[in-house]
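Each chain, letter by letter, is given below.
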Amino acid sequence: MIYSDISQIGYVVSLEGTRVRVNLLDSHKGQLASHRGGVNSVSQPGDLIGFEAGRHLVIARVTDMSFVEPEKAHATKFGTMNVSDIPLRQLVCHAIGHIKSTKDKLHFISENWMLPPLGAKAVPLDKELLNIVFGIPEEEQKFSLRLGSDSRTHTVEIRAGMNRLLSRHLAVLGSTGYGKSNFNALLTRQIAENFPSARIVIFDINGEYAQAFEGLMNVKQTVLGMGKNVESDGLFSKEHVNYHRIPYQALGWAGLIKLLRPSDKTQLPALRNALRSLPYIKTNPLNQFEMLVEQYDSATGMTSFPLVDDCNPQNQDFLGSWLSALQKQNVQPQLHWPPFRGLANLVAEFGCVAASRNAGKTERNAFNYGNVLPLIKIIQQLSEDSRFIEVLNTSGGQLINLAVPWQKPLEEEVDYIFGKPKGSPQDWNVHIINLKSLADDLSPLVLGALLEMYAEVLFKRGQNNSYPTLLLLEEAHQYLRDPYAEDANQLKAYERLAKEGRKFGCSLLVSTQRPSELSSTVLAMCSNWVSLRLTNERDLNALRHAMENGNENVLSEISGLPRGDAVGFGSAFNIPVRMTIDEAVPGPASTDANFAEAWSVSALPQVQPKVN
């Protein structure tokens with residue numbers, strides 16, 4: 001017997017698989033809901049109960065409670081007698097694990113194969129036993145995070161070991177206004193306060209997280225956009241801002257291909273040739289809509305050829321030879337990056353060039369041009385879109401490193417946003433990427449491209465040079481999905497990060513209102529889930545397939561959770577646990593609007609009625 005100080009409340013009368021049926025003793029008719037001596041109540045479905053089984057205590061979750069009318073029932077002091085006129089209180093439970101004693105220490109084992117014997121005593125659980133069930137191993141206590149307290153008694157602290165919680169990705173789910181941002185702020189601030197070498201990158205879609213990190217050192221806030229920097233003097237404040245625009249070439253090949261979404265058969269080959277040739281062209285000083293490619297010859301000096309985006313027939317006879325020289329890089333390299341719109345000229349020329357009827361010459365073919373015209377239009381529209389230009393620098397002008405023209409800006413941008421490789425000095429522990437200036441329809445494109453950049457650099461760094469990093473992806477349903485029906489066989493960066501990122505020290509904290517709209521691959525790779533209130537059936541189905549030791553009662557709890565309550569389950573939790581999440585102090589700027597107070601104040605002067 002593991003625990004003998006708690007009185008018996010019932011006994012096992014039936015075993016059906018993992019289902020345990022319990023008859024309650026008559027002496028506990030109305031006392032079962034009490035908390036005598038700190039004992040946890042067994043008063044409703046979802047509560048826990050224990051069964052003595054030799055040196056083990058089997059733990060089960062109550063799923064049903066009912067009155068039954070048996071022919072024979074147990075009666076205190078009178079043995080077995082006919083009590084057909086007295087209803088019998090009965091519980092139905094499912095075994096979820098057992099507590100065992102090892103070297104005078106009690107441990108909870110989350111395995112449902114052990115069942116109590118028939119007639120075993122049923123006992124409620126006190127605070128000590130609940131701490132063993134909900135708690136974490138002693139060796140993980142030092143590096144653990146407090147999440148809240150159990151919702152039923154508010155006496156048991158709910159903690160999670162850092163490695164178990166973050167090593168294999170965490171999903172935080174819940175409808176708007178029920179506490180996702182509070183939980184994310186609580187978790188990440190604890191990490192920043194307790195781990196001096198932490199590295200956290202936050203995709204802050206609505207600009208709400210800076211407030212939650214006020215007063216800490218080594219916090220940096222970057223707003224994607226244009227403005228005046230306000231530098232920090234040590235302790236961070238939400239007013240401390242660094243404005244930053246991403247140079248378009250820093251997106252790299254993978255990021256630009258993700259951004260522009262070319263078709264595989266006709267547009268992608270032209271775009272690849274254009275990207276390869278981009279560092280070798282410049283703007284025509286006489287016509288900003290033309291690009292020039294130059295070639296130096298000792299006999300004739302510098303010659304140039306105009307590249308256009310409208311398929312006009314001028315100078316088309318020698319287009320093929322110039323494009324061939326571009327592909328072989330037998331042209332004059334440029335010192336500065338051309339503007340982003342120059343990509344449209346290259347796509348047009350590589351996409352429409354065709355052999356001419358005149359031997360040895362080429363022409364611009366209108367049919368071929370029609371195939372790449374949609375891609376050209378996308379490039380031109382983005383070049384002129386003020387919302388796009390707000391966050392991406394499309395003007396060019398930066399120096400080109402001819403040895404690694406694309407790799408250098410890519411690595412520099414990843415170092416700035418996501419942090420440098422292991423061993424390199426880093427000037428921040430928390431980097432808040434404030435995306436409030438990013439238009440909603442551009443967020444899947446730009447943020448998808450950023451993740452493409454990070455994935456490309458991370459996997460090139462290798463496991464030995466990658467520093468453990470937590471990516472908090474707020475409102476993930478906006479960009480961890482495929483909004484443009486790309487080829488299903490195309491591997492997306494966020495899916496590769498979810499599948500293989502843990503080997504390279506990348507942990508994802510995926511926060512969303514709509515888990516059903518996320519990539520199924522990303523959801524499948526999350527081994528820990530914290531779910532606040534969800535009511536949509538599709539979202540609940542996503543949870544139904546992910547839960548361990550879960551049942552419909554737990555899911556029904558999720559659909560009725562009050563604000564601030566959540567159900568946590570996965571590798572960081574022994575069993576699915578309902579908890580009340582602690583309030584983050586300071587919290588994020590995500591409170592509800594006070595309509596009554598705002599609308600009660602008169603904003604307009606009172607007009608006196610006219611008297612005739």
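These figures come from a predicted structure and were not determined experimentally. (Residues numbered from 1 in each chain as written. Predicted model: local features only at pLDDT ≥ 70, side-chain atom pairs only at ≥ 80, totals over all residues. Heavy atoms only, no water.)

Draft legend 1. Up close: unusual backbone geometry. Geometrically, the link from Val-585 to Pro-586 is a cis peptide bond, its omega value of -5° lying close to zero. Relative to the elements of secondary structure, Pro-586 occurs in the loop between strand 28 (577–581) and helix 16 (595–600). Backbone geometry at Gln-329 places phi at a positive 60°, although glycine is not the residue there. Turning to its location among the elements, Gln-329 is positioned in the loop between helix 6 (319–327) and helix 7 (342–352). With a relative accessible area of 37%, Gln-329 lands in the partly exposed category. (Helix = DSSP H or I, 4+ residues; strand = E, 2+ residues; numbered from the N terminus. Buried < 20%, exposed > 50% of the residue type's maximum accessible area, 1.4 Å probe, protein only.)

Draft legend 2. Structural detail: the pairing of strand 19 (residues 301–307). Across seven bridges, strand 18 (residues 287–297) lies against strand 19 in antiparallel orientation. Looking at strand 19, one finds that Glu-294 is bridged to Ser-304. Between strand 18 and strand 19, which pair antiparallel one after the other, the connecting turn spans three residues. (Pairing = 2+ DSSP bridges.)

Draft legend 3. Molecular detail of helix 3 (residues 180–194). For helix 3, which comprises 15 residues, the first-to-last C-alpha distance of 21 Å matches the rise-based estimate of 21 Å (1.5 Å per residue) to within 8%. In terms of residue burial, helix 3 counts as a mostly covered element, since 13 of its 15 residues are buried. (Expected span 1.5 Å × (residues − 1).)

Draft legend 4. Local environment of the pairing of strand 8 (residues 105–109). In this sheet, strand 8 lies alongside strand 7 (residues 88–102) in antiparallel orientation, the contact comprising five bridges. Directly across from Thr-102, in strand 8, lies its bridge partner Lys-105. From the end of strand 7 to the start of strand 8, which pair antiparallel, there are two residues, and Lys-103 there has a positive phi angle of about 50°.

Draft legend 5. Quick peek at the side chain of Glu-208. Structurally, the position occupied by Glu-208 is in the loop between strand 13 (200–204) and strand 14 (219–224). No salt bridge is formed by the buried Glu-208; its nearest oppositely charged neighbour, Lys-180, is found at 8.0 Å. A polar contact of 3.3 Å, which involves the side chain of Glu-208, links it to the side chain of Ser-181. Excluding anything up to four places from it in sequence, Glu-208 contacts Ser-181, Glu-474, Pro-588, Ala-589 and Ser-590. (Lys, Arg positive; Asp, Glu negative; His and termini not counted. Salt bridge = Lys/Arg side-chain N within 4 Å of Asp/Glu carboxyl O. Polar contact = N/O pair within 3.5 Å; in protein donor to acceptor, adjacent residues only side chain to side chain. Contact = heavy atoms within 4.5 Å.)

Draft legend 6. Molecular detail of the sheet that holds strand 11 (residues 157–161). Spatial strand order, 11-10-28-27-26-12-25-24-13-23-14-15: 12 strands in an open sheet with mixed pairing. Each edge of the open sheet carries a strand with a single partner, namely strand 11 and strand 15 (242–244). When the angles between neighbouring strand axes are averaged without regard to direction, this sheet yields 25°. Pairing of strand 10 (residues 144–150) with strand 28 involves three bridges; the strand directions are antiparallel. Counted as the bridge partner of Ser-149 is Thr-580 from strand 28. Lying on the sheet, helix 3 is in contact with strand 10, strand 12 (170–173), strand 13, strand 23 (430–434), strand 24 (469–473), strand 25 (506–512), strand 26 (528–531) and strand 28; it crosses strand 10 at an angle near 145°. (Axes fitted to C-alpha atoms, helices over the stretch in contact; angles between N-to-C directions.)

Draft legend 7. Fine view of the packing of helix 5 (residues 267–277) against helix 7. Here helix 5 crosses helix 7 at 130°, and the two axes come no closer than 8 Å. On the basis of the axis angle, helix 5 is oblique to helix 7. Here helix 5 runs over helix 7; the crossing is right-handed. In this structure, helix 5 uses Ala-270, Leu-271, Asn-273, Ala-274, Leu-275 and Ser-277 to contact helix 7, whose residues at the interface are Leu-343, Leu-346, Val-347, Phe-350 and Gly-351. (Parallel < 35°, antiparallel > 145°, perpendicular 65-115°, else oblique. Left-handed = near helix turned anticlockwise from the far one by under 90°.)

Draft legend 8. View of the sheet that holds strand 17 (residues 281–284). The sheet built from three strands is open, its strands ordered 17-18-19 with antiparallel pairing. Edge positions in the open sheet fall to strand 17 and strand 19, since each of these has one partner strand only. Averaged over neighbouring strand pairs, the angle between their axes works out to 40° when direction is ignored. In the packing of helix 6 onto the sheet, the strands contacted are strand 17, strand 18 and strand 19, and the crossing angle to strand 19 comes to about 110°.

Draft legend 9. Layout of the nonpolar core. The biggest cluster of nonpolar side chains holds 102 residues, and the ones touching the most others in it are Phe-203, Leu-326 and Leu-480. With 12 residues, helix 11 (residues 443–461) is the largest single contributor of residues to this core. (Core = buried A, V, L, I, M, F, W, Y, C linked by side-chain atoms within 4.5 Å.)

Draft legend 10. Highlighting the packing of aromatic side chains. Within the structure shown, the criterion is met by 12 aromatic pairs. Centre to centre, the rings of Phe-305 and Trp-322 are 5.6 Å apart; their planes meet at 20°, and the pair counts as stacked. Separated by 17 residues along the polypeptide, Phe-305 in strand 19 and Trp-322 in helix 6 bring together distant segments of the chain. A network of ring pairs unites the aromatic residues Tyr-248, Trp-337, Phe-340, Phe-388 and Trp-406 as a single cluster. The ring of Trp-428 has Arg-199 lying over it, and the distance from NZ or CZ to the ring centre is 6.0 Å. (Phe/Tyr/Trp six-rings, centres within 6.5 Å; stacked < 30°, edge-to-face > 60°. Lys NZ or Arg CZ within 6 Å of the ring centre and 35° of its normal.)

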